[in-house]
Amino acid sequence: MSEKHAISPPPDAPSGAGGLRAWLESETPASAFQAKCVQMWLAWLKFSANPLAVIGLLIIVALVLVALFAPLLMTHDPLAQSLADRLLPPGEKGHLLGTDGLGRDIWSRIVAGSRITLYIVALVTITAPLFGLLVGTVAGYFGGWTDTILMRFTDIILAFPKLILALAFVAALGPGIGNAILAIAITSWPPYARIARAETLTIRKSDFIFASRLQGASSARIVAFHVMPLCMSSLIVRVTLDMAGIILTAAGLGFLGLGAQPPMPEWGAMISEGRKFLLDQWWVATMPGLAIFIVSLGFNLLGDGLRDALDPRSGQS
Amino acid sequence: MDLLFAIVRRMRPFVRLLLSLLVTFLGLLAITFFIGRVIPVDPVLAVVGERAPPEVYEATRKAMGLDKPLIVQFGIYIWQVMHGDLGMSLLTSRPVLEDIRRVVPATFELATVATIIGVLIGVPSGVMAAVHAGRWPDHLVRIIGLIGYSVPVFWLGLMGLLLFYGKLGWVGGPGRLDIFYEGMVPQVTGMILIDSLIAGDMSIFRNAVSHIILPSLMLGYYSLAYISRMTRSFMLEQLGQEYITTARVKGMSEARVIWVHALGNVMVPLITVIALSYASLLEGSVLTETVFAWPGLGFYITTALVSADMSAVLGGTIVVGMVFVGLNLFSDFLYRIVDPRAR
């Protein structure tokens, strides 16, 4: 297969399509890199044809932008109290979404809180899947007793309702955002271990694994460089689907006073503060809840879209 | 001899089930033990306080069995739990098990009503979504489900209170009854809806209904989302089968085809889904009960959390964990009984 053949546009390509597009839609990729690009391009086409998924993506992009440019978007200091201006309704005295019980600007607090939300999501989605990946691939690759013990352990954690276990962990560790993140990570890795193990079982008897073992690769090397990368795509889909759950759990912990501590503008904790004024000053509890809802809706839409685009098994739903 | 073998073969799945149940329970206890005794820097300090004299400290340490090796402590812990000793609650200074027994009926009542709502709305809407797959009823059900998965349940509860209690006044506020009625109904089952009916007091019953309707709707919304999504995918699978075509060709009415033939075959996996959603309601009830000041297990756990009452928290965790495992197993078991193919 010559390089020239791969790069020349297919005969039925639309005349307006540039070289890049043809290169991306080539049916005979010349290199592994091009093949990967073609695959990603096709997944993107499928993903972008799904309007809900695109909305989800836009919400998440907006969240990241808001978190990045938070200092520019905040109209007030999110921690500055002003008892004279407490419980102002939305729009009054330049407070876009009103003020809370201590006279702090709710809009600015929500904007500042987006950083906390992203921070929680990022930390959990880095640690829990990695740990699950490690447990799952090791269990699947070695099999036997290693598998039995590791998977038993996984199943036991899985047997607990997540929130209750996280509550118990935070109760023992003490409230705080770090401990809340730790507790969420501890309770959310088992599904990833299950997925990674299932993937490992299907590839551990492959020829390329035998080949690298014959070349003298150690088990650790095989697991880390040959097995783990192949488990990544199904893990990524699952992680995206779980992000909304992570946000809701973190917000729940914050609401119960176990997550981020005041005066941190964490959305769940803000709802909890607004609870006191619910019936008379509805906006204090409503606004941060809307933020949580929109963001976790975004993650759910994005996750559904990614699953449909990347996972051929569930493509028809 | 053959008969014996046959019996042994029949029993094997049950023995395996029991064994795995045993291992899971031991694992649950190992985790709560770990959380209660290992993570805190010094569990003795948590009890006696930082200014206690050394003699008191030592005595408490001995009394708590903390001078023994960890594995012995774990053995003692299992022994105590198996005998129903979950420790004393610092908050109520009563045995934790007694406390839990008192609060469980409220949670049971709430979760049951929520599940009934979830099934009554979720199953038909899932069926409609499957029958009209790709058209507006399908999209509607999907959007309702997406919202159910995305909304923080405690916030939804607060919004419900704000609208239906605060603004419209259609429902009762937090708690299980108005204060006026509190303690007026003799306890039989601990579930006020049933107790008030037993006592024949319709005004209390009506009041209890007005209090339970909102929290159970909020809680039921989540299970509705799950149940309708699963019903839809089960139904889609059935509606593509040939026996459905046969039934239609025979001239059977469309309603009968859908609601009797297809749904009848969906019932089996659906039972599992319903049992699982019931189990997850136990979890959802922690936040919902906190919002609605509903004096159940979830409220008990969160109240204990705030006052750092660890034995109450862990006792509640054990109970919820066991119920969770039990329900999972029960759904598995039902599945085997109802569906001969799964045997």
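Before reading on, note that the structure itself is shown above.
Please read all numbers here as calculations on a predicted model, not as lab measurements. Along each chain, residue indices are assigned from 1 in the same order as the chain's sequence is written. Going through the entries in the order they are written, you letter the chains from A and number the ligands from 1. Thresholds applied to this predicted model are a pLDDT of at least 70 for local features of residues and 80 or more for the giving and counting of side-chain atom pairs; totals over whole chains, interfaces and linings are not thresholded and use all residues. Only hydrogens and water are set aside; all other atoms, that is, all heavy atoms of the structure, feed into the side-chain values.

## Quick notes on the interface of chain A and chain B
Across the boundary between the two partners, chain A contributes 40 residues, which contact 43 residues of chain B. Buried area between chain A and chain B, both sides added, is near 3,800 Å², and the carbon and sulfur share of it is 80%. Every case where a carboxyl oxygen of Asp or Glu lies within 4 Å of a side-chain nitrogen of Lys or Arg is listed as a salt bridge. Counting every contact that joins chain A to chain B gives one salt bridge. Notably, a salt bridge pairs arginine 142 of chain B with aspartate 304 of chain A, separated by 3.8 Å at the nearest N-O pair. Each helix is a run of DSSP H or I of at least 4 residues and each strand a run of E of at least 2, with the numbering of both proceeding from the N terminus. The set of elements that each furnish at least two residues to the side of chain A that touches chain B consists of α7 (144-159), α8 (162-173), α12 (219-255) and α14 (283-310) of chain A. At eleven residues, the largest contribution of residues to the side of chain A that touches chain B is made by α14 of chain A. Partitioning the side of chain A that touches chain B into residue classes produces 31 nonpolar, five polar and four charged. Residue contacts are counted whenever heavy atoms from the two residues lie within 4.5 Å of one another. Buried area adds together the accessible area that both of two parts lose upon being put together, with accessible area traced by a 1.4 Å probe. In this count, Pro and Cys sit with the nonpolar residues alongside Ala, Val, Leu, Ile, Met, Phe, Trp and Tyr, while Asp, Glu, Lys and Arg are called charged and the others, Gly among them, polar.

## Topic: the nonpolar core
Counting 125 residues, the largest nonpolar core has Leu167 and Phe299 of chain A as the members making the most contacts within it. In terms of residue count, α12 of chain A provides more of this core than any other element does, 16 residues in total. Among all residues touching phenylalanine 299 of chain A, those that are not within four sequence positions of it are Ile60, Leu63, Val121, Thr240, Met243, Ala244 and Ile247 of chain A. In these notes, a set of buried Ala, Val, Leu, Ile, Met, Phe, Trp, Tyr and Cys residues joined through side-chain atoms within 4.5 Å is what counts as a nonpolar core. Each residue is placed in one exposure class: buried if its accessible area under a 1.4 Å probe, protein chains only, is under 20% of its type's maximum, exposed if it is over 50%, and partly exposed if it falls in between. The next biggest cluster of nonpolar side chains, apart from the first, holds 22 residues, and it includes Val113, Ile117, Leu193 and Ile212 of chain B.

## A short note on the packing of helix α9 (residues 177-188) of chain A against helix α10 (residues 190-203) of chain A
Direction vectors running N to C along α9 of chain A and α10 of chain A enclose 35°, while the axes themselves pass 5 Å from each other. Contacts between α9 of chain A and α10 of chain A pair Ile186, Thr187 and Ser188 of chain A from the former with Pro190, Pro191 and Tyr192 of chain A from the latter. Here an axis means a line fitted to C-alpha atoms, over the contact stretch when the element is a helix, while the angle between two N-to-C directions is reported on a 0 to 180 degree scale.

## Some details on the side chain of serine 114 of chain A
Residues and elements named next belong to chain A. You can see serine 114 is positioned in helix α6 (residues 106-142). Judged by its relative accessible area of 1%, serine 114 falls in the buried class. The definition of a polar contact used here is a pair of N or O atoms within 3.5 Å, where within protein one atom must be able to donate a hydrogen and the other to accept one, and adjacent residues in sequence count solely through side-chain atom pairs. For serine 114, the side chain forms a polar contact with the main-chain oxygen of valine 111, separated by 2.6 Å. Aside from chain neighbours lying at most four places away, what touches serine 114 is Leu63, Val66, Ala67 and Trp267.

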